[in-house]
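Structure at a glance
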Amino acid sequence: HNNLAWLVVDSVVDVIFLIDIVLNFHTTFVGPAGEVISDARLIRMNYLKTWFVIDLLSCLPYDIINAFENVDEDVTPQASPASHLRDFSNFHRNSTRTEDSVLPGLSSLFSSLKVIRLLRLGRVARKLDHYLEYGAAVLVLLVCVFGLVAHWLACIWYSIGDYEVIDETTNSIKTDSWLYQLALSIGKPYRYNTSGTGRWEGGPGKDTLYVSSLYFTMTSLTTIGFGNIAPTTDGEKVFSVAMMMVGCKYSFIHSLL
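Source: prediction; values computed, not measured.

Thoughts on the overall build of the protein chain
Scanning the protein chain from N- to C-terminus turns up eleven helices and six strands. Here the protein chain, with 257 residues, has 26% of them falling under the buried criterion. Counting only contacts in the protein chain whose residues sit at least 6 apart along the sequence, the fraction spanning at least 24 positions is 58%. For the protein chain, the computed accessible surface area is about 17,400 Å², with 66% contributed by carbon and sulfur atoms.

Now the structure itself:
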């Protein structure tokens, strides 16, 4: 939420989606009898009945709304004097209780609505179908799909390691986790802060974690597997087996094409 660069990129995508909505109100379509409909009123009615709601929900600036929401939450506690909070402590407690229950719900709702953008992939796939007769277009499409699947699997692979590396019940670290082994190999081991937060700190940075996760998923999907990043826990092994099956199916489909 606080990364300005990603916020700008996401805003540019929202603007592109908004322009796409405007263009769809002026784009002809093929009618049920195979004729091309160019009447402006029929075009608008057809778009409003089909993809307009999904397109509109997918272009709303959810990240900007969440960013302003986080700014308000950070500023509000600093703007209240201590004496004012003491005088109206009961009123403040009752009023913020409602806000605490509403704002996180809205933030979760906005984050969930962003998934609607995935529904637009169906439209993109149908448009790309016109170009599948060209070998170069098929190759580019397969590479893009492979990269997207590898990215999703890399996020899951990191989530498994992040969930298993620290045992919350015993507040101990699991030395067999791939994140722990990666931290040792790059010289950034996890350490327990006994004097401050009382939690485990350190470990690889976010950039290193993503690159390493993507590297592992790429080598697993292509069945290369160099072994320098390897699954050790049961959860990691089960996910790796599933990922190898996905890679085999992808290779089989690629050979057919």
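Comments concerning the environment of L221
Checked against the element boundaries, L221 lands in helix α10 (residues 206-221). When the C-alpha positions of L221 and A150 are compared, they lie 7.7 Å apart, and in sequence the two are 71 residues distant. When residues no more than four places from it in sequence are discounted, the contact partners of L221 are F146, A150, L153, M243, V246 and G247.

As for a nonpolar patch on the surface
On the surface, a nonpolar cluster with roughly 380 Å² of combined accessible area is contributed by L4, V8, V12 and I16. In this structure, L4 sits in helix α1 (residues 4-24). Relative accessible area serves as the criterion here: at 60%, L4 is assigned to the exposed category.

Focus: helix α9 (residues 178-185)
Of the residues making up α9, those classed as buried are W178, L179, Y180, L182 and A183. Where α9 terminates, the next one or two residues include G187, which has phi positive at roughly 80°.

Structural notes on the packing of α9 against α10
Direction vectors running N to C along α9 and α10 enclose 115°, while the axes themselves pass 12 Å from each other. Handedness of the α9/α10 crossing: right-handed. Between α9 and α10, the residues in contact are W178, L179 and L182 and L209, S212 and S213, respectively.

Focus: the side chain of S177
The topology assignment puts S177 in the loop between β4 (172-173) and α9. Given a relative accessible area of 0%, S177 falls into the buried group. Excluding anything up to four places from it in sequence, S177 contacts G161, V165, T232, T233 and E236.

Observations concerning the confidence of the model for the protein chain
For the protein chain, the mean per-residue pLDDT works out to 76, and 67% of the residues sit at or above 70. Taken element by element, the predicted model of the protein chain shows its lowest mean pLDDT in helix α5 (residues 82-87) (43) and its highest in α10 (91).

Some remarks on the environment of T233
With respect to the helices and strands, the residue T233 is situated in the loop between α10 and α11 (234-256). The class of T233 is buried, set by a relative accessible area of 9%. As a C-alpha pair, T233 and K174 span 59 residues in sequence and 9.4 Å in three-dimensional space. Those residues within four positions of T233 in sequence are excluded, and the remaining contacts are E164, D176 and S177. Within the structure, the side chain of T233 is placed 2.5 Å from the side chain of E164, a separation counted as a polar contact.

How each quantity is defined
- Residues numbered from 1 in each chain as written.
- Predicted model: local features only at pLDDT ≥ 70, side-chain atom pairs only at ≥ 80, totals over all residues.
- Heavy atoms only, no water.
- Helix = DSSP H or I, 4+ residues; strand = E, 2+ residues; numbered from the N terminus.
- Buried < 20%, exposed > 50% of the residue type's maximum accessible area, 1.4 Å probe, protein only.
- Contact = heavy atoms within 4.5 Å.
- Areas by Shrake-Rupley, 256 points an atom, 1.4 Å probe, with all protein chains shown as cover.
- Patch = residues over 30% accessible without salt bridge, like charges linked within 9 Å, V, L, I, M, F, W, Y side chains within 5 Å.
- Salt bridge = Lys/Arg side-chain N within 4 Å of Asp/Glu carboxyl O.
- Axes fitted to C-alpha atoms, helices over the stretch in contact; angles between N-to-C directions.
- Left-handed = near helix turned anticlockwise from the far one by under 90°.
- pLDDT = per-residue confidence, 0-100.
- Polar contact = N/O pair within 3.5 Å; in protein donor to acceptor, adjacent residues only side chain to side chain.

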